[in-house]
Amino acid sequence: MGIKALSSLALIGSMTFSVFASVPDIPKLTESVSIDGKIDESVWQRAAQIQLNNITWPDENTTPNVKTTVSYFENGDTLFIAFKAQDPEPDNIRAFYNDRDRIWRDDLVGVKLDPYNDHRQVFQFFSNALGVQADSTENVVTNRESDAWDGLWDSSGQVTDTGFEVEMAIPLRNFNFNPKTGKQTWAIEFVRFYPRDERQRISNQQIDRNNDCWSCQMKEVVGFENLQQGKNLAIVPTLVLGQAETRSLPDDTSWQKTEDYEFGLDIKWGISSDVFLNATINPDFSQVEADSAQLGINNNFTLFFPEKRPFFLENQDIFSSNFNLVYTRNIGAPDIGAKVTGKTGKHTYGVFVTDDVNTTFLIPGNLSSGIAELGQDSNNTALRYRYDANNKLSVGILSTLRTSDDYHNYVASVDASYRITEQDEVRVQYMRSDTEYPEWLSNDFCDADDAADCERDDLNCSFNNCVVNERVLRTQVDDSLEDSAFRVRYEHEERDWFASATYMDIGSDFRADLGFMSRVDLSRIVIGGGLFFYGEEDDWYSRFRISGDWDITHNDAGEVIERELEARISVNGMLQSYTELGCIANEHVGNRIDASTLAIKGNTDMFNRDFCYLYGNFQPIAGLFVENEFLWGKQIDFRNNRLADRFMARPGFQYSFNKHLKAEVNYVYQTLEAEGQEVFTANQADIRLKYNFDVRNSLKLSIIYTDIEQNLANQPAVAPEDLPSAKFTDVSTQLIYSYKINPQTVFFAGYSDHAFEDDVVTDLEKDARSLFMKFSYAWLR
């Protein structure tokens, strides 16, 4: 019992042999197998085999009490893998039918692959015991992992009397790779997740925790002799049918019906083993499933929603950098698009071009942001190039361009990452932008006083000055906004402690309209670090962490916007539990928002908004996940520019009643009180009920409910004509049936509606309802 020593030289020494143990070569056989979850074909007797003998988390390279055998081979165009996962109590195996990429709490087996063996991009393929898939990509350069990528591969699994078995067939057309003759050297890791009282990660290799890059430690494997990219063409026609009815309550109670059908075509072509082309004509860029609910009251900044549309998701990690310069949900309604991505040797590159008939972008500030809409066509381009000098140094450039009749935004960026040692890394990025907005749009974001000043001085209102800071109106009508941004970050992480330091400067006139950068006019320094303590085998916890950071933020004028000191403790414990407690001493500039113009009215008062939070989750039984978060303390009432008391609770749970039926509920309760009276009370519930008939068929019901009550008598800084509704209720429902053979061959049919209630519409009434159907089929060659 007790905490392990912070230095464990004996342990590190014992790793030396295992860390560099080899993986058997991948044999090339002419046969293929039927992917049915039964490892009974004779070809598996001639496949390579390896055992998973190391628990790498939460233990530190200990021997598991369950046996896992992996067999694998390739036949020139497909990598075949079979997992035989033994379990002394098969009834406790956690396996449920679920959406793709939503199985991470199940028993899993899978493989991680780095086709170039350069520690830059890793592909992950996992399956639960029923054959439900999860896949993702990891960008090692930016240290980001995304499950948005969907590969085309097959898997099947079954639970047996001794555990479970899974077969996988992963076509090599999913990857870029080096088409050299002879045998290739990839990096590989086989992994099993074994969730019981704790969630064990079991691997074929040991992991050195003094090297924070786990993917950099993947073993080399030799195989794929004379590998060449074969015919790699996917043609995906899409048909979308829809009928919608809307009405403008309370003035118009009659329904206005529209019917629409769209035919589109997507093409994915592997030009070579290095280069992929994606093209789309009249694409279906609609997303079928509703976004998760987010509560935006008393929040000055625009909400972020993840991308879900296939065209943009393909190889999207190529366009990532330290700043989010490519946020493709800004592109709302394109008619045509094309994308080329590839990797040749040390060179990674990508470009995409689309139009957009309804151009939208963020209007950022240092204290708030908004969304502008041009209502005109635009052309949108992103270009990316990265040179990987070696497995330590990468240098890249990234550029985005958005143009329309009287509008443009150009961004150019250069970034680099350098891994100094196994524990130390530096990332740096510099950007420059050039932007011109139409004058009418500038005036829309200025309030009446600013507009008068603009007209009197024959000046065009700068967005930054209108939305963020009124002190100076400096942008001429014929001038464009030009500015720069810079970020440098140093990180050190090893087994027992970590530290980081970040400096960021974003000029007030910097704009990244194809990205998601909601804040400008700021200069920030952040310094942080922490300690790790690890429990022994019989302890109730596996890891205890103490961490904290200090940061300070100024605007371009040198004025302090925010100071913050944060301390956190977190514990990983029994029943796969995680608990975190944090307290934050925060000084922040207040502001009053003009409700009609979104203009900031004042930028001088500094408030002490100290608060604490407590978060916890656990998984007491198979299929049940419970979480809750509490936040209490001071917060700024931004509309009235004063300090207030805030309380928030965010309970949630997911429960699988059986292998087919699952419920998920997330709830938010938030209150704000000032001067002894309520300012607002908000409740929001996101309820999802899903029945998966099998791996391919599912039926899902989604209900999102929002209710906000505001005390209009406690809004002293808001003009009577700008007062919000005293009560607002919003309900959205959606019912979807889906049939998915793979991510590209799908059928959806569904119904959705929306209803609301406020001070004028006093009963909950529907103002929108729709029926829709989508069919797409992937023709592969």
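Residues numbered from 1 in each chain as written. Predicted model: local features only at pLDDT ≥ 70, side-chain atom pairs only at ≥ 80, totals over all residues. Heavy atoms only, no water.

Novice: In this structure, what is going on with the overall build of the protein? I would like to understand it.
Specialist: A count of helical and extended segments in the protein gives five helices and 42 strands. Sorting the 781 residues of the protein into buried and exposed places 55% on the buried side. By sequence separation, contacts in the protein at least 24 residues apart represent 62% of the contacts at least 6 residues apart. Looking at the protein as shown, the accessible area adds up to about 33200 Å², and 54% of this sits on carbon and sulfur atoms. (Helix = DSSP H or I, 4+ residues; strand = E, 2+ residues; numbered from the N terminus. Buried < 20%, exposed > 50% of the residue type's maximum accessible area, 1.4 Å probe, protein only. Contact = heavy atoms within 4.5 Å. Areas by Shrake-Rupley, 256 points an atom, 1.4 Å probe, with all protein chains shown as cover.)

Novice: Just checking my understanding: could you explain the pattern of salt bridges for this structure?
Specialist: One side chain can pair with another of opposite charge once the charged atoms of both are near each other. Considering all chains together, one arrives at 38 salt bridges under this definition. For Asp-212, the salt bridge identified is with Arg-419, shortest N-O distance 3.0 Å. Placement of Asp-212 in the loop between β12 (199–203) and β13 (219–223) and of Arg-419 in strand β23 (residues 407–419) is noted, with a sequence separation of 207 residues between them. By relative accessible area, which is 28% here, Asp-212 ends up partly exposed. On the basis of relative accessible area, Arg-419 is assigned to the buried category, the value being 12%. (Salt bridge = Lys/Arg side-chain N within 4 Å of Asp/Glu carboxyl O.)

Novice: Just checking my understanding: could you explain the confidence of the model for the protein for this structure?
Specialist: Atomic detail in the predicted coordinates should be set aside for any region of low pLDDT. When the pLDDT values of the protein are averaged, the result is 87; 88% of them are 70 or greater. Across the protein, strand β32 (residues 611–618) holds the top mean pLDDT of 98, while helix α1 (residues 9–19) sits lowest at 35. Taken together, the stretch residues 447–478 has pLDDT below 50 and engages in 80 contacts with residues farther than four places along the chain or on a different chain. (pLDDT = per-residue confidence, 0-100.)

Novice: Looking at this model, I keep getting lost on the state of the cysteines. Mind explaining?
Specialist: Using the criterion set out here, one finds two disulfides in the structure. Residue pairing for Cys-213: its cysteine sulfur links by disulfide to Cys-216, the two sulfurs lying 2.0 Å apart. Given an S-S torsion of about 70°, the disulfide between Cys-213 and Cys-216 has right-handed geometry. Of the two residues, Cys-213 and Cys-216, both sit in the buried class. Shown here is the disulfide that connects Cys-583 with Cys-612, its sulfur atoms set 2.1 Å apart. What sets the handedness of the Cys-583 and Cys-612 disulfide is the S-S torsion sign, and at about 105° it is right-handed. Placement of the pair is Cys-583 in strand β30 (residues 577–589) and Cys-612 in strand β32, with a sequence separation of 29 residues. Residue classification places Cys-612 among the buried residues on the basis of a relative accessible area of 17%. (Disulfide = S-S within 2.5 Å.)

Novice: Even after reading the chapter, I still don't get the pairing of strand β22 (residues 393–404), so can you show me in this structure?
Specialist: Across a regular strand the side chains alternate sides, sitting on one face of the sheet and then on the other. Going residue by residue along β22, you find Ser-394, Gly-396, Leu-398, Thr-400, Arg-402 and Ser-404 tucked away on one face and Leu-393, Val-395, Ile-397, Ser-399, Leu-401 and Thr-403 left uncovered on the opposite face. One ladder, built from 10 bridges, connects strand β21 (residues 378–388) with β22; its direction is antiparallel. Following the sheet pairing, Tyr-385 is matched in β22 by Ile-397. In terms of strand pairing, β22 meets β23 through 12 bridges, oriented antiparallel. Across the sheet, residue Thr-403 finds its bridge partner in β23, namely His-408. Hairpin remark: β22 followed by β23, antiparallel, with two residues in the connecting loop. (Pairing = 2+ DSSP bridges.)

Novice: Quick question: what am I supposed to make of unusual backbone geometry here?
Specialist: Backbone phi values are negative for most residues with the exception of glycine, while trans is the configuration of most peptide bonds. Along the chain, Trp-57 connects to Pro-58 via a cis peptide bond; the corresponding omega equals 0°. With respect to the helices, strands and loops of the structure, Pro-58 is situated in the loop between β2 (54–57) and β3 (68–74). Omega for the peptide link from Leu-249 to Pro-250 comes to 0°, which places this bond in the cis form. With respect to the element layout, Pro-250 can be found in the loop between β14 (233–246) and β15 (256–270). Residue Asn-117 is not a glycine yet carries a positive backbone phi of 55°. Along the chain, the position of Asn-117 falls in the loop between β5 (108–114) and β6 (121–128). A positive phi angle is found at His-119, which is not glycine, with a value near 60°. Among the secondary structure elements, His-119 is positioned in the loop between β5 and β6.

Novice: So what exactly am I meant to see when it comes to the environment of Val-122 here?
Specialist: With respect to the secondary-structure elements, Val-122 resides in strand β6. Separated by 66 residues in sequence, Val-122 and Ile-188 have C-alpha atoms that sit 9.1 Å apart. In this view, Val-122 contacts Lys-112, Leu-113, Asp-114, Ser-136, Thr-137, Glu-138, Val-140, Ser-215 and Met-218; residues no more than four positions away in its chain are not counted.

Novice: What's the story with the environment of Ser-508 in this structure? I'm lost.
Specialist: Within the secondary structure, Ser-508 is located in the loop between β26 (497–506) and β27 (522–534). Sequence-wise, Ser-508 and Val-520 are 12 residues apart; in three dimensions their C-alpha atoms are separated by 5.2 Å.

Novice: What is the right way to look at the side chain of Arg-419 in this model?
Specialist: Separated by 3.0 Å, the side chains of Arg-419 and Asp-212 make a polar contact. When residues no more than four places from it in sequence are discounted, the contact partners of Arg-419 are Asn-211, Asp-212, Cys-213, Lys-392, Asp-424 and Glu-425. (Polar contact = N/O pair within 3.5 Å; in protein donor to acceptor, adjacent residues only side chain to side chain.)

Novice: How should the sheet that holds β3 be read in this particular structure?
Specialist: Hydrogen bonds between backbone groups are what pair the strands of a sheet, and the pairing can be parallel or antiparallel. Here we have five strands laid out as an open sheet, ordered β1-β3-β4-β10-β9, and antiparallel in their pairing. A single partner strand is all that each edge strand has here, and the edge strands are β1 (48–51) and β9 (154–160). Across the sheet, the mean angle separating the axes of adjacent strands is 15° when strand polarity is ignored. Two strands pair when backbone bridges link them, and β1 and β3 are joined in this way by four bridges, in the antiparallel orientation. Pairing of Gln-49 across the sheet is with Ser-71, part of β3. (Axes fitted to C-alpha atoms, helices over the stretch in contact; angles between N-to-C directions.)

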